[in-house]
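# Tertiary structure, described
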Amino acid sequence: MCSSDLSRSALEDLTEKKISFAMVHPMNTRLKLFLWKTQMTELEGDPDIELGEIDGAPMGYPEGTRVVVIRRAVHDRKAPPQGKKVNFDPHGRYQAIITNLESDYDAYDVWNFYNHRARCERVFRDGKQALGMGHLVSHSRRGNETAFLLRLIAYRSEEHTSELQSPCNLVCRLLLE
């Protein structure tokens, strides 16, 4: 589910079905009202990052829902860290993650979980771009599988051109790996 699809009814549906989630929460006015009074804790080992939690129920979300808030310090206004500006804190950038993960996941664990999921999505996106898989070449599954394998062979052969291997040897090695 994308954060643009965020709605109370969607969160209630996920909660009712006991489906765990962690997704970006838009930095809207309601969140900012709760944000300015949130107790933030400095991340151990990185004084530029602070984490906090907001109970989701007072914000109108289902019971057991919470919002994890991440604040990153801004040292260089020309190259600020990831996150959104808020009017009451010109020296910080904020990100929020809404979740219903169990309470034994603290704010850092939720943030870490979300970042690993995001890294996984980046790997797929980068792989798709590297292999030119932005669009499908055929209406059949077999045609698209063949196109993918040919692109993969071409990509891998670029890695091995310094070895001056013949395409036949390369294909055999790829198939045996």
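Residues numbered from 1 in each chain as written. Predicted model: local features only at pLDDT ≥ 70, side-chain atom pairs only at ≥ 80, totals over all residues. Heavy atoms only, no water.

## A closer look at the overall build of the protein
The criterion, for reference: The way it works is that DSSP assigns letters per residue, a run of H or I at least four long becomes a helix, a run of E at least two long becomes a strand, and they are numbered from the N terminus. When accessible area is computed with a 1.4 Å probe and restricted to protein chains, residues below 20% of their type maximum are described as buried, those above 50% as exposed, and intermediate ones as partly exposed. Whether two residues touch is decided by their heavy atoms; if any such pair falls within 4.5 Å, the residues are in contact. Method for areas: the Shrake-Rupley scheme with a 1.4 Å probe, in which residue coverage is limited to the protein chains shown.
Per the secondary structure count, the protein includes 5 helices and 6 strands. In sequence order, the protein lays out its α and β elements as α-β-α-β-β-β-β-β-α-α-α. For the protein, the proportion of its 177 residues judged to be buried stands at 32%. The contacts in the protein between residues at least 6 apart in sequence include a share of 46% that link residues at least 24 apart. Working note: accessible area of the protein is about 11900 Å², and carbon and sulfur atoms make up 54% of it.

## Description of a negative patch on the surface
For clarity, the threshold we go by: Only residues above 30% relative accessible area that lack a salt bridge enter a patch, with like-charged residues linked at up to 9 Å and the nonpolar side chains Val, Leu, Ile, Met, Phe, Trp and Tyr linked at up to 5 Å. A pairing counts as a salt bridge when a side-chain nitrogen of Lys or Arg comes within 4 Å of a carboxyl oxygen of Asp or Glu. Within this scheme the basic residues Lys and Arg register as positive and the acidic residues Asp and Glu register as negative, but His and the chain ends are omitted. To locate a charge, take NZ of a lysine, CZ of an arginine, CG of an aspartate or CD of a glutamate.
A surface patch of negative charge is lined by Glu102, Asp104, Asp106 and Asp109. The residue Asp109 is located in helix H3 (residues 107–130) in this model.

## Examining helix H1 (residues 8–16)
Definition in use: An arc is given here, and it is the one of the directions from the helix axis to the C-beta atoms.
If you check which residues of H1 are buried, you get Ala10, Leu11 and Leu14. All buried residues of H1 project into a common sector of 95° when viewed along the axis, lining one side. Within H1, the exposed residues directed more than 90 degrees away from the buried face are Ser9 and Glu16. Tucked into the core, H1 has its buried residues touching strand E1 (22–24) and strand E6 (89–99). Downstream of H1 by a residue or two, Lys18 has a phi angle that is positive, lying close to 60°.

## So, the side chain of Arg72
Keep this limit in mind: As used in this structure description, the phrase polar contact means that two N or O atoms lie within 3.5 Å; if the pair is within protein, one of them must be able to donate a hydrogen and the other to accept it, and residues adjacent in sequence are counted only when both atoms belong to side chains.
Along the chain, Arg72 falls in strand E4 (residues 66–73). Among buried charged residues, Arg72 stands out as having no salt bridge; its nearest opposite-charge side chain is Asp46, 7.6 Å away. Polar side-chain contacts of Arg72 include one of 3.4 Å to the side chain of Gln95. If we ignore the near neighbours within four places in the chain, the residues touching Arg72 are Asp48, Ile49, Pro81, Gln82, His91, Gly92, Arg93, Gln95 and Trp111.

## Focus: the packing of aromatic side chains
The condition is simple: Any Phe, Tyr or Trp ring, taking Trp's six-membered ring, that has another such ring centre within 6.5 Å forms a pair; planes under 30 degrees apart are called stacked, those over 60 apart edge-to-face, and the others tilted.
A complete count under the given rule lists 2 aromatic pairs for this structure. Plain terms: the ring middles of Phe88 and Tyr94 are 6.3 Å apart, the flat faces sit at 55° to each other, and that makes the pair tilted. For Tyr94, a relative accessible area of 5% corresponds to the buried category. With centroids separated by 6.1 Å and ring planes inclined at 70°, the aromatic side chains of Tyr108 and Trp111 adopt a geometry described as edge-to-face.

## Thoughts on the pairing of E6
This is how the line gets drawn: One bridge is not enough; two strands pair if DSSP finds at least two bridges between them.
For E6, the buried fraction is high: 9 of the 11 residues fall into the buried class. Note: E1 against E6, 3 bridges, orientation antiparallel. Residue pairing for E6: Ala22 is matched across the bridge by Thr99. With 8 bridges connecting them, E4 and E6 associate as antiparallel partners. Residue pairing in the sheet places Ile70 in a bridge with Gln95 of E6. Sheet topology places strand E5 (residues 84–86) next to E6; 2 bridges connect them, and they run antiparallel. Residue pairing in the sheet places Val86 in a bridge with Asp89 of E6. In sequence, E5 turns back onto E6 through a hairpin of 2 residues.

## Side note on the pattern of salt bridges
Applying the stated criterion to the full structure yields 6 salt bridges. Two residues, Asp89 and Arg71, come together in a salt bridge whose shortest N-O distance is 2.6 Å. Pair noted here: Asp89 is in strand E6 and Arg71 is in strand E4, with a separation of 18 residues, a long-range link. Side by side, Asp89 and Arg71 carry an identical accessibility label, which is buried.

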